[in-house]
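Inside the fold
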Amino acid sequence: MLSERINRIQPSPTLAVSAQAKALRAAGEDVISFDVGEPDFDTPTHIKQAAIEALLEGETKYTAAAGLPKLKQAVCDKLRRENRLKYTPDQIVVSCGGKHSLYNIFQSILNPGDEVIIPAPYWVSYPDQVLLADGVPVILHAGQEQNFKITPQQLDDCLKSHPRVKAVVINSPSNPTGAVYSPDTLKEMCRVLENYPQVLVISDEVYEHMVYEPHRQWSVAQYSDEFRERVCLVHSCSKTYSMTGWRIGWTSSSPELAKAMSKLQSQSTSNPTTFAQYGAIAALEGEIDSAMMAEFEHRGKVMRELLNDIPGFECARPEGAFYLFPNISSFGLTSEQFCTQLLEQKKVAAVHGSAFGAEGYLRLSYATSDEIIAKGVSRLAEFCATLKK
């Protein structure tokens, strides 16, 4: 009865772990969540107030499928102000979050058998969304020895050996590793990609404001005006403005691709929630909370130091986002076994590295307080001690 397409994919592992943790918590268990990929800060008041005012003023009807013109203009203004990029509203498609934006991209560009290069470790939804669009994920591994970042030479070699590649995904800062590609490395990748003009570049930049010194954010769309025509940027309000539940994201692309994605969205979800779009306008026109960004950097440092005190743990310094990706291969369990037993025995929720294409690791979110970090890592250390016996 079910389609072959739906049987190709698995439920989101991150959402599955979150659901388990919530169920245990509802049953009265004291669960510590290092699995959640969302800021623990509340949405800023001025953003909530803008949505409330929109509701009170009757902004509860349909908008254009690709989003409010005022919001699309706010996105263009943001891209010019923050990224030094010139886009027009007809190049912007506002969707129900970054995940929806990515879904629109793959559905709009892929034919059966088209390949998409996905560096691993990867965000869990990339491969499955490619499969849903009848495409073929081509996984390009980048290990800890290269700071979880593929090299321009790896990219070139992969493109040479896979003539059906339609797109390559770049995610910087990275979920799950926190890795940030340097501007120089990204420019080298752009030079490689200049030799493959048929390949679209999908640049997932939803963590763009969470970059720690001395690293800095740079977008491949900045490489040249000509190159920008084959780049599709993905942004979101979720992380920067702590608006995960609002479900507002957008793509910035060529007018041709934007028109195609708008057409797709008109036949699927129609517009994103109207009053949430007004909140997004307030977010983009307001200030970014630098204190929240500084707090994430502090928490990452605290958690990494605590983790590296656990015998057998090996944890690299995060360069951005709010995740740590420690190596747990010395404990003799698969990453899924490790996370399952950790949740069962110590009530600490984490996501296994195999979900991100990296067996032997686990993803820990430090989007929580210092107190909870200390408590959770203490339980993690107790669990690891039992494995060492």
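The structure contained in this document is the topic of the report that follows. (Residues numbered from 1 in each chain as written. Predicted model: local features only at pLDDT ≥ 70, side-chain atom pairs only at ≥ 80, totals over all residues. Heavy atoms only, no water.)

**Quick word on the environment of S268**
Our working rule: Segments assigned H or I by DSSP are reported as helices when at least four residues long, segments assigned E as strands when at least two residues long, and all are numbered from the N terminus.
Secondary-structure assignment places S268 in the loop between α10 (255-266) and α11 (274-285). As for S268 and N104, which are separated by 164 residues in sequence, their C-alpha atoms are 9.8 Å apart.

**A closer look at the pairing of strand β7 (residues 231-236)**
The condition that has to hold: Relative accessibility decides the category of a residue: with a 1.4 Å probe and only protein chains considered, values under 20% of the type maximum give buried, values over 50% give exposed, and everything between is partly exposed. Pairs of strands are assigned from DSSP output, requiring at least two bridges between the strands.
Among the six residues that make up β7, six are buried, leaving the element largely enclosed by the rest of the structure. Burial along β7 is two-sided: V231, L233 and H235 facing one way and C232, V234 and S236 facing the other are all buried. Relative to β7, strand β6 (residues 200-204) runs parallel, the two being bridged by four bridges. Across the sheet, the residue bridging to S203 is L233, located in β7. For β7 and strand β8 (residues 249-252), the ladder comprises four bridges, and the chain directions are antiparallel. Pairing of L233 across the sheet is with S252, part of β8.

**Considering the sheet that holds strand β11 (residues 351-352)**
The strand order β9-β12-β11 describes an open sheet built from three strands, whose pairing is antiparallel. Among the strands making up the open sheet, the edge pair consists of β9 (323-324) and β11. Here β11 runs beside strand β12 (residues 362-365); their pairing, made up of two bridges, is antiparallel. Among the inter-strand pairings, H352 is bridged to a residue of β12, identified as L362.

**Things to note about the pattern of salt bridges**
Cut-off, in case you're wondering: Criterion for a salt bridge: a side-chain nitrogen of Lys or Arg within 4 Å of a carboxyl oxygen of Asp or Glu.
Going through the model one piece at a time under the given rule, you end up with 16 salt bridges. The salt bridge partner of K48 is D42, with a shortest N-O separation of 2.7 Å. In this structure, K160 and D156 form a salt bridge, with 3.5 Å as the shortest nitrogen-oxygen distance. Note that K160 and D156 are positioned in helix α7 (residues 152-161) at a spacing of four residues, about one turn of the helix.

**Side note on the side chain of R228**
Using the following cut-off: Polar contact is defined as a pair of N or O atoms within 3.5 Å, subject to the rule that within protein one atom must be able to donate a hydrogen and the other to accept it, and that residues adjacent in sequence are counted only when both atoms are side-chain atoms. Only heavy atoms enter the contact rule, under which two residues are in contact if any of them lie within 4.5 Å.
Note on placement: R228 falls in helix α9 (residues 225-228). On the basis of relative accessibility, which here comes to 13%, the residue R228 falls in the buried class. A polar contact is formed between the side chain of R228 and the side chain of D225, at a distance of 2.9 Å. Other than its neighbours up to four places away in sequence, R228 contacts L85, K86, Y87 and A221.

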